[in-house]
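What follows is each chain in one-letter form.
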Amino acid sequence: MDPKKIYQKTDKGEEELRTRKFGLPQNLRQILIFVDGRSNITKVLEKAAGFPNVGQSLEQLAAQGFIRLDETVSFAGIKDELIATAQQTLGADAEKVLAKIKDAPETKEGLQATMNSCKKLVKLVIDEKKAEELIQKCSEIMSRL
């Protein structure tokens, strides 16, 4: 179970909360309430800290069709990861690269063009090895787009 993934309620899950049509046990129903479509699995586990077997409950809810993993990838989340990676990789030299990533268009092509530009910048200002390291790490992140 990837702690960064986000579950969202299905129509069946929403209907269960409204009508109790499917007779979900109270412990599963409570976990279903914690699934909001915005909180990743780690946050859901934090919210449900007093409940036993939360991970198993999430898997049960998914298997029964009450929730599903949100497969959409947000550009904001990808940008945040790229920024963190650039900061970690480049340290004090990251300022210009961070600004470029923050201002990048929210399209796959736009983000790719920005990262190519960042690679050239790092290659010129820092060194080729850091540029390659940055692009390798960022390519892994962008492969989810």
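From a predicted model like this one, the values you see are computed outputs, not experimental measurements.

**Details of the pattern of salt bridges**
Phase 1: As enumerated under the stated definition, the model contains 8 salt bridges in all.
Phase 2: The shortest N-O distance in the salt bridge between Glu-106 and Lys-79 comes to 3.9 Å. Placement of Glu-106 in the loop between α6 (95-102) and α7 (108-125) and of Lys-79 in helix α5 (residues 75-90) is noted, with a sequence separation of 27 residues between them.
Phase 3: Its relative accessible area of 47% is what places Glu-106 among the partly exposed residues.
Phase 4: With its nearest N and O atoms 3.1 Å apart, the salt bridge here joins Glu-132 to Lys-119. Of this pair, Glu-132 sits in helix α8 (residues 128-142) while Lys-119 sits in helix α7, placing them 13 residues apart in sequence.
Phase 5: Residue Lys-119 is classed as partly exposed on the basis of its relative accessible area, which comes to 24%.
Phase 6: One continuous salt-bridge network, built from bridges that share partners, spans Asp-36, Arg-38 and Lys-47.

**Comments concerning the side chain of Gln-8**
Phase 1: Here Gln-8 lies in strand β1 (residues 7-9).
Phase 2: With sequence-adjacent residues up to four places away left out, Gln-8 is seen in contact with Val-35, Gly-37, Phe-66, Ile-67, Arg-68 and Asp-70.

**Observations concerning the domain arrangement of the protein chain**
Phase 1: Each domain of the protein chain was delimited in the assignment, giving domain 1 (7-69) and domain 2 (75-142).
Phase 2: With centres defined by C-alpha atoms, the gap from domain 1 to domain 2 works out at 36 Å.

**Concerning the environment of Thr-10**
Phase 1: Its place among the elements puts Thr-10 in the loop between β1 and α1 (11-19).
Phase 2: Classification of Thr-10 as buried rests on a relative accessible area of 14%.
Phase 3: A sequence separation of 75 residues divides Thr-10 from Thr-85, and the C-alpha atoms of the two residues are 33 Å apart.
Phase 4: Setting aside residues no more than four positions away along its own chain, Thr-10 makes contact with Gly-65, Phe-66, Ile-67 and Arg-68.

**Here we look at the packing of α6 against α7**
Phase 1: Closest axis-to-axis distance for the α6/α7 pair is 10 Å, and the angle between their directions is 170°. Comparing the axis directions of α6 and α7 gives the class roughly antiparallel. Packed against α6, whose contacting residues are Lys-96, Val-97, Lys-100 and Ile-101, the element α7 presents Thr-114, Met-115, Ser-117, Cys-118, Leu-121 and Val-122 at the interface.
Phase 2: Per-class residue counts for the contact of α6 with α7 are 6 nonpolar, 2 polar and 2 charged.

**Here's the deal with the packing of aromatic side chains**
Phase 1: Evaluation of the coordinates by the stated rule reveals 2 aromatic pairs.
Phase 2: With centroids separated by 5.7 Å and ring planes inclined at 75°, the aromatic side chains of Phe-22 and Phe-66 adopt a geometry described as edge-to-face. Taken together, the residues Phe-22 in the loop between α1 and α2 (26-34) and Phe-66 in the loop between α4 (54-63) and β2 (67-69) connect sequence positions 44 residues apart.
Phase 3: Exposure remark for Phe-22: the relative accessible area of 35% places this residue in the partly exposed category.
Phase 4: A residue is classified by how much of its surface remains accessible, and Phe-66, at 2% relative accessible area, is buried.
Phase 5: Aromatic pair Phe-34 and Phe-51: ring centres 5.6 Å apart, planes at 70°, arrangement edge-to-face. Within this pair, whereas Phe-34 is found in helix α2, its partner Phe-51 is found in the loop between α3 (41-47) and α4, the two being separated by 17 residues in sequence.
Phase 6: The ring of Phe-22 carries Lys-12 above its face, with NZ or CZ at 5.0 Å from the centroid.
Phase 7: The ring centre of Phe-66 lies 4.6 Å from the NZ or CZ of Lys-12, which sits over that ring.

Rules behind the numbers
Residues numbered from 1 in each chain as written. Predicted model: local features only at pLDDT ≥ 70, side-chain atom pairs only at ≥ 80, totals over all residues. Heavy atoms only, no water. Salt bridge = Lys/Arg side-chain N within 4 Å of Asp/Glu carboxyl O. Helix = DSSP H or I, 4+ residues; strand = E, 2+ residues; numbered from the N terminus. Buried < 20%, exposed > 50% of the residue type's maximum accessible area, 1.4 Å probe, protein only. Contact = heavy atoms within 4.5 Å. Domains from an automatic or database assignment. Axes fitted to C-alpha atoms, helices over the stretch in contact; angles between N-to-C directions. Parallel < 35°, antiparallel > 145°, perpendicular 65-115°, else oblique. Nonpolar A, V, L, I, M, F, W, Y, C, P; charged D, E, K, R; others polar. Phe/Tyr/Trp six-rings, centres within 6.5 Å; stacked < 30°, edge-to-face > 60°. Lys NZ or Arg CZ within 6 Å of the ring centre and 35° of its normal.

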